[in-house]
Amino acid sequence: MLLRRPALLFLLTLAQFVLGLEDYYKVLGLNKQASDREIKSAYRQLSKKFHPDKNPNDETAKDKFVEVSEAYEALIDPESRKVYDQYGHEGLKQRQQGGGGQHHDPFDLFSRFFGGGGHFGNQPGQRRGPNIEVKVGIALRDFYNGRTTEFQWDKQQICEECEGTGAADGHVDTCRSCNGHGVKLVRHQLAPGMFQQVQMQCDQCGGRGKTIKHKCPVCAGQRVVRKPTTVSLTVQPGMADNVKIVYDNEADASPDYVAGDLIVTLVEKEPDLENDNPEHVDGVFFRRKGDDLFWREILSLREAWMGDWTRNITHLDGHVVRLLRKRGEVVQPGHVETVPGEGMPKWHEDGDSVYHKTEFGNLYVEYVVVLPDQMESGMEKDFWAVFQKWRGKKAVDLHKDSGRPDKILEHDGHAHEEL
Ligand SMILES: [Zn+2]
Ligand SMILES: [Zn+2]
């Protein structure tokens, strides 16, 4: 497999030479029905993946990077997309020759998404924006089954209207007051013939070195806008509570720096009883601790003492775990039964997404025994007779009286196997 890959890439590059340019939808990994949001999201992912800063000395990646930005520009503009859909690459070429559509430098385009002049990595003088942490609540059910979902946050983005220039007409002048340096040297006279030179931030441009005559109406010249941004999120089965997922360079963007990372913490939501466990609204639900699950099951006095009962617990994916005792099998109050393999799926951070049925934690069922509030008169009489017989005996002796002294404290049923 490892040997074949470069060969395949080479063949693909060769094919491009022969057949001309690769289909733009294919380049972005999309189909023809793709929405603008999908196009943007594909660009975000692929442009980072193939950025030359992240793939030094890799010409194939560099070509890919250029190709991805071309594909994005062709498809994000409705008019150019229409031409491309109808006439393909040849149509776009003619349109450009006729003056239609503009081609950006691929690094310019990249900087409109991620800021920082189109580069990241450790270039000298390159500033990096702050990382941002976001918490997203995930239901236990989704931690168990896995789920692809979305969340929104207010992200600072480079203004699309002015492409981060801050100018309505795209026209940015070099500040005349400071000649674009952002700072000015000011001479103070200390005494006749004695001067002190002090460097001060330029008051005309606020230190940016640039001035804008007509401010962009969308961002008011700020070059950035903050707006709700949707991020897609994949919860893999068994991911740990409080696991952190890092989205490289997806924090606030600015023309002044390379965007930092967006760090998403998945936090288990308090169970929503009506939606998460419709059959168990009386305060009974699964609790998680690492790879194990905990469940509390209520038994009546008769069930605990006499046995002969069945419980069907609906698990987080809808399958049923059956608990049962035969007649005469006693369950002590507070007894915890282990049901192997009915806990959480075990997730490995190395990205191994193959789960075997055996790679599950345990389910621990704790039994709570509830005594009746009142006794019916006949019942009371019968019990009285029984307990008179045991009067004065200690708990240890009672175990013996039950006739099954070894089994009293061990009731590890294998109920789940009988399904
Ligand atoms: Zn703007
Ligand atoms: Zn200035």
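Our subject is the structure listed above.
As a starting point, this report considers the structure included with it. Being a predicted model, the structure only gives us computed values, none of them experimental. (Residues numbered from 1 in each chain as written. Chains lettered and ligands numbered in written order. Predicted model: local features only at pLDDT ≥ 70, side-chain atom pairs only at ≥ 80, totals over all residues. Heavy atoms only, no water.)

## Comments concerning the overall build of the protein
Working step 1: If you tally the helices and strands in the protein, you get 11 helices and 15 strands.
Working step 2: Looking at the 419 residues of the protein, the share that counts as buried comes to 35%.
Working step 3: In the protein, 66% of the contacts between residues at least 6 apart in sequence involve partners at least 24 apart.
Working step 4: Accessible area for the protein stands at about 26,200 Å²; split by element, carbon and sulfur atoms hold 50% of it. (Helix = DSSP H or I, 4+ residues; strand = E, 2+ residues; numbered from the N terminus. Buried < 20%, exposed > 50% of the residue type's maximum accessible area, 1.4 Å probe, protein only. Contact = heavy atoms within 4.5 Å. Areas by Shrake-Rupley, 256 points an atom, 1.4 Å probe, with all protein chains shown as cover.)

## Re the layout of surface pockets
Working step 1: Approximately 1,500 Å³ is the volume attributed to the largest pocket.
Working step 2: Forming the boundary of the largest pocket are 49 residues, of which Lys 40, Ser 41, Tyr 72, Ile 76 and Phe 113 lie nearest the centre.
Working step 3: Sorting the residues of the lining of the largest pocket by element identifies helix H3 (36-50), helix H4 (59-76), helix H5 (78-97), helix H6 (106-114), strand E2 (147-158) and strand E7 (224-235) as the ones contributing at least two each.
Working step 4: Looking at the lining of the largest pocket, the element that brings in the most residues is H3, giving 8 residues. (1 Å grid on protein atoms, 1.4 Å probe; cavity = no way out; pocket = protein on both sides within 12 Å on 5 of 7 lines; lining within 4 Å. Points joined across faces, edges and corners; volume = space filled by probe spheres on them.)

## Quick word on the coordination of the zinc ion (ligand 2)
Working step 1: Of the protein atoms, only Cys 175 (SG), Cys 178 (SG), Cys 202 (SG) and Cys 205 (SG) coordinate the zinc ion (ligand 2), at distances of 2.2 to 2.3 Å.
Working step 2: Bound by 4 donor atoms, the zinc ion (ligand 2) shows angles of 101 to 116° at the metal and therefore tetrahedral coordination geometry.
Working step 3: On the primary sequence, the residues serving as donors to the zinc ion (ligand 2) are separated as C-x2-C-x23-C-x2-C. With a gap of 24 residues between them, Cys 178 in the loop between strand E3 (173-174) and strand E4 (183-191) and Cys 202 in the loop between strand E5 (194-201) and strand E6 (210-211) connect regions that are remote in the sequence. (Donors = N, O, S within 2.8 Å, 3.2 Å for Na, K, Ca; no water. Tetrahedral: all angles 85-135°; square planar, octahedral: opposite > 155°, others 65-115°.)

## Re the pattern of salt bridges
Working step 1: Counted under the stated rule, the structure contains 20 salt bridges.
Working step 2: Taking the shortest distance from any N to any O, the salt bridge between Lys 184 and Asp 203 comes out at 3.1 Å. Separated by 19 residues along the polypeptide, Lys 184 in strand E4 and Asp 203 in the loop between E5 and E6 bring together distant segments of the chain.
Working step 3: Note on Asp 203: relative accessible area 58%, which makes it exposed.
Working step 4: Residue Arg 226 pairs with Asp 252 through a salt bridge whose shortest N-O separation is 2.9 Å. Here Asp 252 lies in the loop between strand E8 (243-247) and strand E9 (262-268) and Arg 226 lies in strand E7, a separation of 26 residues in the sequence.
Working step 5: Asp 252 sits in the buried class, given a relative accessible area of 8%. (Salt bridge = Lys/Arg side-chain N within 4 Å of Asp/Glu carboxyl O.)

## Points about the nonpolar core
Working step 1: By size, the foremost hydrophobic cluster in this structure holds 39 residues, and its most contacted members are Phe 151, Leu 233, Leu 262 and Leu 266.
Working step 2: When neighbours within four sequence positions are excluded, Leu 262 is seen to be in contact with Ile 132, Val 134, Phe 151, Trp 153, Val 231, Ile 245, Val 246, Tyr 247, Glu 250 and Ala 251.
Working step 3: Within the second largest apolar cluster, 26 residues are counted, among which are Ala 61, Phe 65, Ile 76 and Phe 120. (Core = buried A, V, L, I, M, F, W, Y, C linked by side-chain atoms within 4.5 Å.)

So far we have only geometry, and geometry alone does not tell us how the molecule works.
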